[in-house]
Amino acid sequence: MHPHDPIAAALDHCLSAPTTVPPLDSVDQWWPGWAALAAQPSSPMALALLGGFAADRVGWAFAAGYQSALRTLVPSLPVQALAAFCVTEEGGNRPRDIRTLITPGAGGGFHVSGSKRWTTLGPQGTLLLVTGRLAGAARDERPAFKVAAVRADQPGVTIVPMPETAFVPEVPHARIHLQDVAIDAASLLPGDGYDTYVKPFRTLEDIHVTAAVLAYLLREARARGWPADLRERLAAGLSTLAMVAQSHRDAPTTHVALAGALHWAAALYDEAGALWATTPEDPASRRWLRDAPLFAVAAGARQQRAARAWERLQA
């Protein structure tokens, strides 16, 4: 093992640990195991690998990667917090779409009012990271944004579960309504809410979720005796993503390397899908084939991100 290198230790685990994992049918069943992993000294990328390996389906690998990405974005997140990033509103998630308002109050505190939708893990979330406009402040002809850490049980917070999605239906989403929710100044995260948190999160989510899904596939490949060269390429994909995770998140070279890693992952997904298709009656096979459309979500945004990275490199 590698006591001083949590990622290397996590990769060792994925390549050598027993491959039997318990079936998990709900967030309430999944969360205690992931929280126990998160309570151990580690790193967010190692958590993504370990959480993906422990998953019995894509949904929990996605959830593990999502939580790991949030812990990279906000290292101060409490260990036991099931966090949910609340950005998207009725019009979308661009700066002009965000109408939620964070207003200074008496005594140095703030009040948060607005509505969010498609908040991942929102129904079970205990800590909501809410992006909003800071009332009365502007910068560069654009409203200033902040991210507020709001406890889900605070007065004025209403969480409404949304219908299940067609893929990874185990991972729930919610509408979040905030009505004059009082927070203290320490609950506002440092830095600009959009530039520091919203913009880089897609990159961090892509890195950590992809790593978690590949770790899940590596466990399944080992358990099912899939070809050794596939297992080796899955391990190589994990090592590549671990390297990308340690790169500067805003650098164009990071985004180019991530684009290549995602192309590699897509080819591995296709190869695994062909193997899953040979056992169509297996519940795990049915879940994989059902959930595969997840990997195409936001494909256009990823292509645009890679194109912008190439443009920056060639400028």
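Predicted, not measured: the structure shown is a model, and the values here were computed from it.

## Here we look at the layout of surface pockets
Phase 1: Size it by volume and the second largest pocket reaches roughly 170 Å³.
Phase 2: Residue composition of the lining of the second largest pocket, by class: 6 nonpolar, 3 polar and 1 charged.

## Overview of the pattern of salt bridges
Phase 1: Considering all chains together, one arrives at 18 salt bridges under this definition.
Phase 2: Between Glu89 and Lys116 there is a salt bridge, and its shortest N-O distance comes to 2.8 Å. In this pair, Glu89 sits in the loop between strand S1 (83–86) and strand S2 (101–104) while Lys116 sits in strand S3 (residues 110–120), placing the two residues 27 residues apart along the sequence.
Phase 3: Given the relative accessible area of 6%, Glu89 is considered buried.
Phase 4: Look at Lys116 and you get buried, because its relative accessible area is 2%.
Phase 5: A salt bridge links Arg202 to Glu205; the nearest nitrogen and oxygen atoms lie 3.6 Å apart. Placement of the pair is Arg202 and Glu205 together in helix H5 (residues 193–224), with a separation of 3 residues, close to one helical turn.
Phase 6: Taking the relative accessible area as the measure of exposure, Glu205 reaches 11% and is therefore buried.
Phase 7: Shared partners join several salt bridges into a network, and the residues in it are Asp25, Asp56, Arg57, Glu170, Arg290 and Asp291.

## Looking at the packing of aromatic side chains
Phase 1: Summed over all chains, the structure comprises 14 aromatic pairs.
Phase 2: Their ring planes at 35° and their centres at 6.2 Å tell us that Trp30 and Trp34 sit as a pair that is tilted. Taken together, the residues span about one helical turn, with Trp30 and Trp34 both in helix H2 (residues 27–38) at a distance of 4 residues. The residues Trp30 and Trp34 share a single accessibility class, namely buried.
Phase 3: For the ring pair Trp288 and Phe295, a centre distance of 5.3 Å and an interplane angle of 45° mean the geometry is tilted.
Phase 4: The exposure class of Trp288 is buried, given its relative accessible area of 2%.
Phase 5: Since its relative accessible area comes to 21%, Phe295 is described here as partly exposed.

## What about the nonpolar core?
Phase 1: In terms of nonpolar packing, the biggest core is built from 81 residues, with Leu70, Phe85, Leu129, Leu217 and Trp288 touching the most fellow members.
Phase 2: For this core, the element with the highest residue contribution is H5, accounting for 16 residues.
Phase 3: Those residues in contact with Leu217, other than ones at most four positions away along the chain, are Trp226, Leu234, Tyr269, Ala272, Trp276 and Trp288.

## Quick look at the environment of Leu238
Phase 1: Considering the arrangement of structural elements, one finds Leu238 in helix H6 (residues 228–245).
Phase 2: Placed 193 residues apart in sequence, Leu238 and Met45 show a C-alpha to C-alpha distance of 9.7 Å.

## Comments concerning the pairing of S3
The two faces of a sheet get side chains in turn, since along a regular strand they alternate between them.
Phase 1: Bridge count for S2 against S3 is 4 bridges, and the pairing is antiparallel. Pairing of Pro104 across the sheet is with Phe110, part of S3.
Phase 2: Here S2 folds back onto S3 in antiparallel fashion, the turn holding 5 residues, of which Gly107 has a positive phi close to 75°.
Phase 3: One ladder, built from 8 bridges, connects S3 with strand S7 (residues 173–183); its direction is antiparallel. Bridged to Lys116 within S7 is Ile176.

Here is what the cut-offs are and how they apply
- Residues numbered from 1 in each chain as written.
- Predicted model: local features only at pLDDT ≥ 70, side-chain atom pairs only at ≥ 80, totals over all residues.
- Heavy atoms only, no water.
- 1 Å grid on protein atoms, 1.4 Å probe; cavity = no way out; pocket = protein on both sides within 12 Å on 5 of 7 lines; lining within 4 Å.
- Points joined across faces, edges and corners; volume = space filled by probe spheres on them.
- Nonpolar A, V, L, I, M, F, W, Y, C, P; charged D, E, K, R; others polar.
- Salt bridge = Lys/Arg side-chain N within 4 Å of Asp/Glu carboxyl O.
- Helix = DSSP H or I, 4+ residues; strand = E, 2+ residues; numbered from the N terminus.
- Buried < 20%, exposed > 50% of the residue type's maximum accessible area, 1.4 Å probe, protein only.
- Phe/Tyr/Trp six-rings, centres within 6.5 Å; stacked < 30°, edge-to-face > 60°.
- Core = buried A, V, L, I, M, F, W, Y, C linked by side-chain atoms within 4.5 Å.
- Contact = heavy atoms within 4.5 Å.
- Pairing = 2+ DSSP bridges.

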